[in-house]
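Geometric and topological summary
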Amino acid sequence: MAKKFYLTTPLYYVNASPHIGHSYTTIAADCLARYMRPRIGKENVWLLTGTDEHGQKIQRAAEKEGLGAQEFADKTVVRFKSLWQELDISYDDFIRTTEPRHTNTVEKVLDILHEKGDIYEAKYQGWYCVPCETFWTDSQVSEKKCPDCLRPLEKISEANYFFKLSKYQDRLIRHIKANPDFIKPVIRYNEVLSFLELNKLTDLCISRPKERLEWGIELPFSPGHVTYVWFDALINYISAVGEFDNQGNYHSKWWPADLHLIGKDILRQHAIYWPIMLFALDIEPPKTIFAHGWWLINESKMSKSTGNVVSPLEISKKFGVETYRYFLLRDVAFGQDGNFSEEAIIKRFNSDLANDLGNLIYRTLTMAEKYFQGNIPAAKQTLETPQAKNIEEKIKSLDARVFDALGAESAVNFSQALEAIWELINIANKFIEDTKPWNLAKEKKTEELGDFILLLINTIKEVSGQLLPFMPKTAEAIKAQIRGDKVKKGKPLFPRIDIQNSNL
RNA sequence: CGCGGGGUGGAGCAGUCUGGUAGCUCGUUAGGCUCAUAACCUAAAGGUCAACGGUUCAAAUCCGUUCCCCGCAACCA
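So, here's what we can say about the structure. (Residues numbered from 1 in each chain as written. Chains lettered and ligands numbered in written order. Predicted model: local features only at pLDDT ≥ 70, side-chain atom pairs only at ≥ 80, totals over all residues. Heavy atoms only, no water.)

Some thoughts on the packing of aromatic side chains
- Enumeration over the complete set of coordinates arrives at 22 aromatic pairs.
- Here the aromatic rings of Phe 327 and Phe 340 are separated by 5.7 Å at their centres, their planes lie at 85°, and the arrangement is edge-to-face. Remark: Phe 340 occurs in strand 17 (residues 338–340) and Phe 327 occurs in helix 11 (residues 321–331); sequence separation between them is 13 residues.
- Aromatic ring contacts, followed pair by pair, group Tyr 24, Phe 290, Trp 295, Phe 327, Phe 334, Phe 340 and Phe 414 into a single cluster.
- Lying over the aromatic face of Trp 294, Lys 264 brings its terminal NZ or CZ to 4.6 Å of the ring centre.
- Against the face of Phe 195 rests Arg 268, its NZ or CZ located 3.7 Å from the ring centre. (Phe/Tyr/Trp six-rings, centres within 6.5 Å; stacked < 30°, edge-to-face > 60°. Helix = DSSP H or I, 4+ residues; strand = E, 2+ residues; numbered from the N terminus. Lys NZ or Arg CZ within 6 Å of the ring centre and 35° of its normal.)

Below, the structure is given as structure tokens:
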């Protein structure tokens with residue numbers, strides 16, 4: 001396993017409230033960080049998240065509310081931070097693109113690349129919609145009308161700065177081919193590679209004139225321009241954990257990032273722009289970029305215009321944080337799209353959490369209290385059944401199976417890890433049925449009964465340990481019921497949701 | 001003829017590379033059991049594996065054709 005683990009979420013754009021997609025990436029990242037910490041040492045894991053606060057949309061949104069851009073960002077960033085608190089996100093650092101540590105680094109990067117000749121000035125032609133204050137490229141426009149408001153456009157030409165993506169295209173292709181784990185899952189790897197092989201990259205426009213956009217980081221070599229979103233935002237991954245020296249060399253104990261977790265919608269920026277920026281800066285690219293899928297709402301893409309945006313806060317309040325985390329990480333294989341609905345959550349909750357996990361704990365502790373007055377029986381080695389042996393083996397091998405799914409170099413598969421945990425839970429439930437403890441009790445076979453209970457308790461302990469990164473509070477709640485050599489049954493952890501009789 | 005992914009019992013998926021009795025979860029039905037949150041356990045029903053054609057002793061799996069769905073197609077967080 002790696003000696004250090006630096007992982008990131010994207011910087012979320014603060015023009016609106018966080019939605020389920022933001023929470024998905026962040027919960028996944030948190031789960032991985034929690035998984036890695038005990039394994040390689042807390043001090044060797046660094047989880048970075050943060051907010052992207054520059055750009056036109058924020059400037060506009062601020063104006064709408066009669067606030068300054070910074071003021072507006074300050075207000076929105078709180079929504080993200082408090083959501084992360086609610087969802088038990090254990091980030092190590094939270095960076096905002098308006099912080100000096102970031103803006104300084106961006107300026108430095110711009111200077112270095114400008115001096116090197118990888119950023120150059122050029123005329124830029126396109127169409128401008130005066131009422132919308134929006135710039136459109138030729139390819140976006142048809143019949144000289146604004147795609148948004150359909151009003152006539154003005155042809156404009158302005159000077160802007162461009163970054164030489166094209167110069168590094170071949171190198172990027174070589175890098176991708178030499179590093180099969182660079183972009184994951186495979187479908188995204190192929191998508192990026194074939195895109196690069198079939199298209200010639202055009203240089204990236206990285207500036208906006210201040211007359212059109214004021215809210216951004218000024219280009220050090222052209223005070224009339226600010227840099228444009230992606231060039232600003234991506235740099236956070238290095239600005240948060242290191243610095244450039246006077247010779248323009250970057251130093252960081254964390255870089256290269258081990259994993260950038262992103263949504264598939266921002267794959268191109270991360271898999272093409274970002275590594276090329278790093279090539280130009282002579283910095284090693286990240287080890288892996290993993291693009292996960294989307295949550296669809298009633299089979300369709302979540303969007304503000306259709307009004308089907310799901311609030312993570314609302315769902316976690318309704319079903320519990322632990323349920324929310326579990327559902328997102330379990331219901332679809334990481335990388336694929338999923339369908340989000342309350343029905344789907346309830347189904348998972350009832351079958352996995354209430355019936356399988358919750359019930360296993362509850363029935364086991366009930367027996368421990370009923371037959372042994374809450375004492376965990378000492379081992380007597382009387383259980384020799386194949387089922388018992390099987391469980392013992394499964395307990396021993398669970399850690400490795402979860403590791404294969406989650407910790408191994410090329411795997412980030414939360415649902416597979418959870419499936420492995422649930423396999424043990426299900427075997428334990430069957431084991432109870434097969435052993436028939438109620439008969440052992442009637443026949444006064446106390447030693448067997450004791451060994452049986454002990455094995456179940458050991459199962460539950462292992463399960464709760466493995467569950468920790470996914471559902472930290474649940475793991476704690478389970479531990480609280482099994483302390484030392486005593487058990488103390490609490491209320492059911494996941495009381496079944498009765499759809500008919502609930503007001504959900 | 002742009003590139004790519006996919007169409008498998010009611011739902012969601014695995015299996016396709018390395019052909020050989022079609023598997024998992026949920027749902028449905030029947031039974032069992034009582035430690036348990038109407039839970040748990042067992043069993044059953046249900047699929048011509050999109051269609052057609054080919055290769056083969058044998059195809060969901062290989063080849064060809066057709067139909068359908070979904071991503072990506074340059075600055076969009």
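Back to the text.
Some thoughts on the protein's contact with RNA strand B
- Near RNA strand B there are 43 residues, and of these Lys 57, Lys 200, Leu 204, Trp 230 and Asn 359 occur at the shortest range.
- When the atoms of RNA strand B within 4 Å of the protein are grouped by moiety, sugar and phosphate amount to 68% of the total.
- Between Lys 200 and RNA strand B, the recorded distance is 2.2 Å, taken from a backbone N or O atom to a base nitrogen.
- Glu 433 has a polar side-chain atom sitting 3.1 Å from a sugar or linking oxygen of RNA strand B.
- Taken together, the elements giving at least two residues each to the surface near RNA strand B come down to helix 6 (186–198), helix 7 (229–233), helix 9 (267–281), helix 12 (342–372) and helix 14 (414–435).
- Looking at the surface near RNA strand B element by element, the count peaks at 12 residues for helix 12.
- Looking at the surface near RNA strand B residue by residue, the classes come out as 18 nonpolar, 10 polar and 15 charged. (Near = heavy atom within 4 Å. Polar contact = N/O pair within 3.5 Å; in protein donor to acceptor, adjacent residues only side chain to side chain. Nonpolar A, V, L, I, M, F, W, Y, C, P; charged D, E, K, R; others polar.)

Examining the packing of helix 1 (residues 20–40) against helix 11
- Contact geometry of helix 1 with helix 11 gives a least axis separation of 10 Å together with a crossing angle of 90°. It follows that helix 1 is roughly perpendicular to helix 11 by the angle criterion. Here helix 1 contributes Ile 20, Ser 23, Tyr 24, Ile 27, Ala 28, Asp 30, Cys 31 and Arg 34 to the contact with helix 11, which in turn contributes Tyr 324, Arg 325, Leu 328 and Leu 329.
- Classifying every residue of the contact of helix 1 with helix 11 gives 8 nonpolar, 1 polar and 3 charged. (Axes fitted to C-alpha atoms, helices over the stretch in contact; angles between N-to-C directions. Parallel < 35°, antiparallel > 145°, perpendicular 65-115°, else oblique. Contact = heavy atoms within 4.5 Å.)

Focus: the packing of helix 1 against helix 13 (residues 386–407)
- At a minimum axis separation of 12 Å, helix 1 and helix 13 run at an interaxial angle of 125°. As summarised for this structure, helix 1 and helix 13 are arranged oblique, according to the angle between their axes. Read as a crossing pair, helix 1 and helix 13 show a hand that is left-handed. Each of Leu 32, Tyr 35 and Arg 39 in helix 1 lies in contact with helix 13, whose residues at this interface are Asp 399, Val 402, Phe 403, Leu 406 and Gly 407.
- Across the contact of helix 1 with helix 13, the residue classes tally to 5 nonpolar, 1 polar and 2 charged. (Left-handed = near helix turned anticlockwise from the far one by under 90°.)

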